[in-house]
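Each chain, written out:
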Amino acid sequence: MSPVLAGLLQLLALIAALALAHLPLGNHLARVYSSGTHRRVERWIYRGVGVDPDAEMRWPAYLRGVLVFSVAGVLFLYLLQRLQGVLPGSLGFASIDPDQAFNTAVSFVTNTNWQSYYGEQAMGHVVQTAGLAVQNFVSAAVGMAVAAALVRGFARSRTGELGNFWADLVRGVVRVLVPLAAVAAVVLVAGGVIQNFSGIHEVGQFVHGHGTGGSQEWNGGAVASQEAVKMLGTNGGGYFNANSAHPFENPTPFTNLFELFLMLLIPFSLPRAFGLMVGSVRQGYAILATMATIWAGFVALMMWTEFTHRGPALEIAGGAMEGKEVRFGIGGSSIFAVSTTLTSTGAVDSFHSSFTGLGGGITMLGMMLGEIAPGGVGSGLYGMLIMAVVAVFIAGLMVGRTPEYLGKKIGGREIKFAACSILITPALVLVLTAAAMALPTPGHSMTNSGAHGFSEVLYAYTSAANNNGSAFAGLDADTQWFNTTLGLAMLLGRFLPMVFVLALAGSLARQIPVPATAGTLRTEKPLFTGLLAGAVLIIAGLTYFPALALGPLAEGLAS
Amino acid sequence: MNISVPHTARLLGAGLRALLVLTLVTGVLYPLLITGLAQGLFPGRANGSKTEANGRVVGSALIGQSYNLPLKEGQQTPEPDLKWFQGRPQNGLGANSVNTQYDLILSGATNRSADNAELVQWVRDAKAAVIRDNSVGGYTVKPSDVPADAVTSSGSGLDPDISPAYADLQVHRIAERNGLPVGHVHHLVDEHTEGRTLGFLGEPRVNVLELNIALERLVTEH
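Residues numbered from 1 in each chain as written. Chains lettered and ligands numbered in written order. Predicted model: local features only at pLDDT ≥ 70, side-chain atom pairs only at ≥ 80, totals over all residues. Heavy atoms only, no water.

1. Examining the overall build of chain A
Part 1 of the reasoning: The helix and strand tally for chain A stands at 18 helices and four strands.
Part 2 of the reasoning: Dimensions of chain A, computed from the C-alpha atoms along their principal axes, are close to 80 × 60 × 50 Å.
Part 3 of the reasoning: Sequence-distant contacts, at least 24 apart, represent 79% of the contacts inside chain A between residues at least 6 apart.
Part 4 of the reasoning: As displayed, chain A offers around 16,500 Å² of accessible surface, 68% of which is attributable to carbon and sulfur atoms. (Helix = DSSP H or I, 4+ residues; strand = E, 2+ residues; numbered from the N terminus. Contact = heavy atoms within 4.5 Å. Areas by Shrake-Rupley, 256 points an atom, 1.4 Å probe, with all protein chains shown as cover.)

Shown next, in the form of C-alpha cells:
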C-alpha cells in the first residue's frame, strides 16, 4: 500500500469514528447545557464555592463570572510557578522567572498553551498536575460555557438571561470533560503513554562504557491524565518539549489517530448540540458541514504539499521527513498538523517549521481563519456562529433586506458586535508582528533567516492571538519581549472576543423572533454552507494575504 | 455594571474558591485515580515500557538512543559504533534551555526550514555518511537508495524507529562488522519489521533497540 493511500485511509477512519461519536456526544452536550437539575457532586461544588447555580445571569454578569474565574486562574498559576522552588514534588526545579511565569499562566488560562519553556526541564509534578492540567480542564469548560450562552441567545427571546456561568462551568467539567478524559487516559496508558510520579532517575542504555553515557536520565510524570485532556479540551500544551511527537506522549500510530479523534471530538459534536438547542438539528448540520468541508480541504492540500516535498533540504533527503517521526509518517503528520491548527489545540506530532513552505503556510492560514473549522472547544462554535452572522449580513446586503439568522434580526447593534469580535485577532497579529519586525532586538530570536524567519514571528503572534499555542519552534520565545507581548496577545485574543460574543448573545436574547417568510435566507441549506465557507475564506484571505505573501508564500514559491 | 471594590472582591473570592474546588477535582483526585488505574492495569507501560536484555534494563522500547563508540581523548562528538544498527540522525536542539541543573532527556526538533543552509548541509553530510558507512565488500549504496528518514532528524529527537528501507541498507555492514552471514541479518530485520497497524495506520518501521538486542543475541549464539 502506498503511503498516500494509507494516509487517506487514516483520514477516512477518523471521519467514520467522528461521525459515529458526534451523535451521542452532541445529544449529551445539548442535555448538559439545557438541564435544570444538579448532580450531588455538583451541589457540593456549588456549596463550596458559595454560588447559586439557578440564578439567571444577563450578559454583563455572565461576563464578570468568566473574567473573575480567569483572573483567579492566572493569579493562582502564576504564584504556583513562582513558588515552585520551595514546593515539594518539584523535582528540584527552580521557580520560573516572572515574565515566563506570566506568559505560561496566561497561556494555559486562555486555552492557548503556548510554551516558552521546556516541559521536562522546567516544570515539576505539582505545577504540571495541580496547575497546568487543571487549566486544561477549566479553560475548555469556560469556552464551552460561552458557546452555550451564545446559543441560548439565539434560542431564547424576550429575556436578557443567558444562563448561569458557574453551573455551565461546573457541568462542563463534571459531566463532559472529566468522564471523557478518564476513559481516554486509560486508553492512552494501554497504548504506552506513561503515568507515574517517579522522580528523575537513571535508566540503563544498550551501549555502556566510558564516554557513551551508559544511561539515560528520565523524569516520570502524570502524562496520560494530562495528555487526554490536552487533546480533548483542544489545549495542546505538551508535558514534554516535543509535545505529541514525544514517544511517551504519543507512542504508536494508534495513539496518534486516537489523539486526533480526541481533539476533534467535542468541536465536531457541538454543532449538533447547537442545532438541538435552537430547535433545528439541520441548522447545526449546516454549521458542521462548513467546518468539515474546510477541514477536509485543508488536509487534502497539506497531504499534497508534504508528499511532493518541495524545498532544497527535503528534495536532497528524498522526502519531507525532517521533524517527523517514522511511526506516523507523512500522512499521519499532515492530518495532525491541519487538525491542530484548525482547532485551537496547538499540539504537534511533527514540527511545522520543517514542513514545506506551503505546508507551513497552511498551518498558519488554518489559525488565521479564526480557528473555527471546527475550532477550539466552545470557541470554535461561537467563532463560526459569529461568522454565520456576518455571512447572513453580507447576503442581506446583496438582496437589500434586513438580514436575520435563526429568527433573530441582525441589525446595526448585532453586526457591530460581530465585526468587533472578528477584527480583534487580526489587529493583534498584524500590529504586534509589525512591531517585532520594526524593533531591533526581537529579530535575534529567529533561528532561520529570510522569509522563514519572518514566518517564525508571524506564526508566533498568529498562534498566540488565536489561542492556538503551536509554533515555528525555531523562534526563541523565552525573552522578555516575546513573553510579554505574546502574553498580551493571548489575553486580548481570548477575552475581548468573548466580551462581544456575550454582548451579542444578550442582544439576541432580548429580541422577539421574526417569523420566517418566503424571502428569508434558508440557513440550513447547502447554499448557506457555501456562502459561509466563502465568507470565512475571503475575510481571512483579504486580511492576511500581504503577510502570508512575505512569509510562507515567498518560501513556498521560491522552492 | 456594579464595580465597587467590596463587590469585586466578593466576586474574585468566588472565582478563587471555584478554582480551588475544581483543582481538587481535576488536579488531585483525577490524576491520582488515573495513576492508580494505570499502575494497577498496565504497570509496565505506565512506567515507560522498559526493555531488558541479559537481565539488565537497556532502555525503553519507545525511546531512541545512540549506539556510539566511547569518546576518545579530546573528542567532542562521539563516532557511531558501526557494528550496531544506527537510528536516525540526532542534530542539535538549539542552545537555549531553561533549567539546566539536570541533564535530562531533552526532546525536540531542529526546527530548520526546508531552505535553511545548515539543514541542507546536515542532510548532505548525513547522506554521504550513510553511503560511505554502508558501502562494504561488494555492496554499494546508491544515493537514490537512501531513504529520507536516514538523513533527517525526527520531531522528538528520540525516534525509536527507522524505516525498513534504512534497516535493509545497513544489513551488509552489520553482517561484515559482526562476522555474520548476510542472509541471517536480513532475516533478523524482516523479523523485526512491524507493518502498519491494522494495515493502514502509520508507516512500516523497525525498532532499533529491539533489533540491536536481537543482533547481540545472534552474535553470541553464532
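Now that the structure is up, let's keep going.
2. Details of the overall build of chain B
Part 1 of the reasoning: Of the regular secondary structure elements, chain B holds six helices and five strands.
Part 2 of the reasoning: Reading chain B from its N end, one meets helices and strands in the order α-α-β-β-α-β-α-α-β-β-α.
Part 3 of the reasoning: In terms of overall size, chain B is more extended than a compact globule, its C-alpha atoms giving a radius of gyration of 24 Å where 222 residues would be expected to give roughly 17 Å.
Part 4 of the reasoning: Dimensions of chain B, computed from C-alpha atoms along their principal axes, come out at roughly 85 × 45 × 45 Å.
Part 5 of the reasoning: Counting all 222 residues of chain B, 49% fall into the buried class.
Part 6 of the reasoning: For chain B, the share of sequence-separated contacts (at least 6 apart) that also reach a separation of at least 24 residues comes to 57%.
Part 7 of the reasoning: Element-wise, carbon and sulfur atoms account for 56% of the exposed surface of chain B, whose accessible area totals about 10,400 Å².
Part 8 of the reasoning: Separation of charge centres in chain B, based on 18 positive and 22 negative side chains, amounts to 7 Å. (Rg over C-alpha atoms; globule rule 2.2 N^0.38 Å. Buried < 20%, exposed > 50% of the residue type's maximum accessible area, 1.4 Å probe, protein only. Lys, Arg positive; Asp, Glu negative; His and termini not counted. Charge placed at Lys NZ, Arg CZ, Asp CG, Glu CD.)

3. Comments concerning a positive patch on the surface
Part 1 of the reasoning: Positive charge collects at one region of the surface, where Arg58(A), Arg413(A), Lys416(A) and Arg510(A) lie side by side.
Part 2 of the reasoning: Locating Arg510(A) in the fold gives a position in helix H17 (residues 480-510). (Patch = residues over 30% accessible without salt bridge, like charges linked within 9 Å, V, L, I, M, F, W, Y side chains within 5 Å. Salt bridge = Lys/Arg side-chain N within 4 Å of Asp/Glu carboxyl O.)

4. Considerations on the domain arrangement of chain B
Part 1 of the reasoning: Here chain B is partitioned into domain 1 (1-47) and domain 2 (61-221).
Part 2 of the reasoning: Here the C-alpha centre of domain 2 of chain B lies 43 Å away from the C-alpha centre of domain 1 of chain B. (Domains from an automatic or database assignment.)

5. Some remarks on the environment of His186(B)
Residue and element names in this part refer to chain B.
Part 1 of the reasoning: Relative to the helices and strands, His186 is located in helix H5 (residues 182-191).
Part 2 of the reasoning: Residue His186 is classed as partly exposed on the basis of its relative accessible area of 30%.
Part 3 of the reasoning: Each C-alpha atom of the pair His186 and Ala167 lies 9.0 Å from the other, and the pair is 19 residues apart in sequence.

6. Digging into the packing of helix H7 (residues 165-191) of chain A against helix H8 (residues 223-232) of chain A
Residue and element names in this part refer to chain A.
Part 1 of the reasoning: Where H7 meets H8, the axes come as close as 8 Å, and the angle between the chain directions of the two elements is 125°. As summarised for this structure, H7 and H8 are arranged oblique, according to the angle between their axes. In the crossing of H7 with H8, the sense of the turn from one axis to the other is right-handed. Of the residues in H8, those in contact with Leu177, Leu180, Ala181, Ala184, Ala185, Leu188 and Val189 of H7 are Ala224, Ser225, Glu227, Ala228, Val229 and Leu232.
Part 2 of the reasoning: Among the residues forming the contact of H7 with H8, the class breakdown is eleven nonpolar, one polar and one charged. (Axes fitted to C-alpha atoms, helices over the stretch in contact; angles between N-to-C directions. Parallel < 35°, antiparallel > 145°, perpendicular 65-115°, else oblique. Left-handed = near helix turned anticlockwise from the far one by under 90°. Nonpolar A, V, L, I, M, F, W, Y, C, P; charged D, E, K, R; others polar.)

7. Thoughts on the pattern of salt bridges
Part 1 of the reasoning: The tally for this structure, following the rule as stated, stands at 16 salt bridges over all chains.
Part 2 of the reasoning: For Glu42(A), the salt bridge goes to Arg175(A), with nearest N and O atoms at 2.7 Å. On the criterion of sequence distance, the pair formed by Glu42(A) in helix H2 (residues 40-49) and Arg175(A) in helix H7 is long-range, its members being 133 residues apart. Across the pair, exposure class does not vary: Glu42(A) and Arg175(A) are buried alike.
Part 3 of the reasoning: For Arg205(B), the salt bridge is made with Asp161(B), and the minimal N-O distance between the two is 3.5 Å. One end of the pair, Arg205(B), is in strand S5 (residues 205-207); the other, Asp161(B), is in strand S3 (residues 161-162), and 44 residues separate them in sequence.
Part 4 of the reasoning: Residue Asp161(B) is classed as buried on the basis of its relative accessible area of 4%.
Part 5 of the reasoning: Within the structure, one salt-bridge network assembled from shared partners comprises Glu227(A), Lys230(A) and Glu249(A).

8. Quick look at the nonpolar core
Part 1 of the reasoning: Among the nonpolar cores identified, the biggest contains 185 residues, and Phe69(A), Phe165(A), Trp166(A), Ile287(A) and Tyr405(A) are the most heavily contacted of them.
Part 2 of the reasoning: Inspection of this core shows a minimum of three residues originating in each of domain 1 (1-47) and domain 2 (61-221) of chain B.
Part 3 of the reasoning: Discounting chain neighbours no more than four positions away, the residues touching Trp166(A) are Tyr46(A), Val51(A), Met57(A), Gly65(A), Val68(A), Phe69(A), Ala14(B), Gly15(B) and Ala18(B).
Part 4 of the reasoning: Counting residues in each nonpolar core, the second largest holds 37 residues, with Ala317(A), Val146(B), Ala167(B) and Ala214(B) among its members. (Core = buried A, V, L, I, M, F, W, Y, C linked by side-chain atoms within 4.5 Å.)

9. Section: the interface of chain A and chain B
Part 1 of the reasoning: Taken together, the contact between chain A and chain B spans 111 residues of the former and 107 residues of the latter.
Part 2 of the reasoning: Around 8,900 Å² of area is buried between chain A and chain B when both sides are counted, 66% of it from carbon and sulfur atoms.
Part 3 of the reasoning: Of all residues in chain A, Gln121(A), Phe206(A) and Val326(A) bury the most surface against chain B, accounting for 9% of the area lost on that side.
Part 4 of the reasoning: Summed over the shared surface of chain A and chain B, the number is zero salt bridges.
Part 5 of the reasoning: Where chain A packs against chain B, one counts 34 residue pairs in polar contact (both at pLDDT 80 or more). (Buried area = accessible area lost by both parts, 1.4 Å probe. Polar contact = N/O pair within 3.5 Å; in protein donor to acceptor, adjacent residues only side chain to side chain.)

10. Quick notes on the side chain of Asp159(B)
Part 1 of the reasoning: In this structure, Asp159(B) sits in the loop between helix H3 (117-134) and S3.
Part 2 of the reasoning: Assessed through its relative accessible area of 8%, Asp159(B) is described here as buried.
Part 3 of the reasoning: At 2.9 Å, the side chain of Asp159(B) forms a polar contact with the side chain of Arg88(B).
Part 4 of the reasoning: At 3.0 Å, the side chain of Asp159(B) forms a polar contact with the backbone nitrogen of Asp161(B).
Part 5 of the reasoning: If near-sequence neighbours (up to four positions away) are discounted, Asp159(B) is found in contact with Lys324(A), Glu325(A), Val326(A), Arg327(A), Gly64(B), Arg88(B) and Ser154(B).

11. Structural notes on the packing of helix H3 (residues 59-82) of chain A against helix H1 (residues 5-41) of chain B
Part 1 of the reasoning: Taken N-terminus to C-terminus, the directions of H3(A) and H1(B) make an angle of 65°; their axes are 8 Å apart at the nearest point. The handedness of the crossing between H3(A) and H1(B) comes out as right-handed. Contact with H3(A), carried on its side by Arg64(A), Val68(A), Phe69(A), Val71(A), Ala72(A), Gly73(A) and Phe76(A), involves His7(B), Leu11(B), Leu12(B), Gly15(B), Leu16(B), Ala18(B), Leu19(B), Leu20(B), Leu22(B) and Thr23(B) of H1(B) and no other residues of that element.

12. Overview of the sheet that holds S5(B)
Residue and element names in this part refer to chain B.
Part 1 of the reasoning: Spatially, the three strands line up as an open sheet ordered S3-S5-S4, and their pairing is antiparallel. Two strands lie at the open edges of the sheet, namely S3 and strand S4 (193-194), each paired on one side alone.
Part 2 of the reasoning: Sheet topology places S4 next to S5; two bridges connect them, and they run antiparallel. Paired with Glu194 across the bridge in S5 is Arg205. (Pairing = 2+ DSSP bridges.)

13. Describing the confidence of the model for chain B
Part 1 of the reasoning: Per-residue pLDDT for chain B averages 89, and the proportion of residues at 70 or more is 92%.
Part 2 of the reasoning: Interface predicted TM-score (ipTM) for the complex: 0.95; the corresponding pTM is 0.96. (pLDDT = per-residue confidence, 0-100.)

14. Things to note about the pairing of strand S1 (residues 50-53) of chain B
Residue and element names in this part refer to chain B.
Part 1 of the reasoning: Covered by surrounding structure in S1 are Thr51 and Ala53 only, the residues Lys50 and Glu52 on the alternate face being uncovered.
Part 2 of the reasoning: The pairing of S1 with strand S2 (residues 56-60) spans four bridges and is antiparallel. Pairing of Lys50 across the sheet is with Ser60, part of S2.
Part 3 of the reasoning: Counted along the chain from S1 to the antiparallel partner S2, the turn is two residues long, and its residue Asn54 has a positive phi close to 50°.

15. Notes on unusual backbone geometry
Glycine aside, a negative phi is what most residues show, and trans is what most peptide bonds show.
All names here are of chain A.
Part 1 of the reasoning: Cis rather than trans, the peptide bond between Ala373 and Pro374 has omega equal to 5°.
Part 2 of the reasoning: Looking at the element boundaries, Pro374 is found in the loop between helix H13 (357-368) and helix H14 (379-399).
Part 3 of the reasoning: For His309, which is not glycine, the phi torsion reads 40° and is therefore positive.
Part 4 of the reasoning: When you line up the elements, His309 lands in the loop between helix H10 (281-308) and helix H11 (312-317).
Part 5 of the reasoning: The phi angle at Asn467 is positive, at roughly 60°, despite the residue not being glycine.

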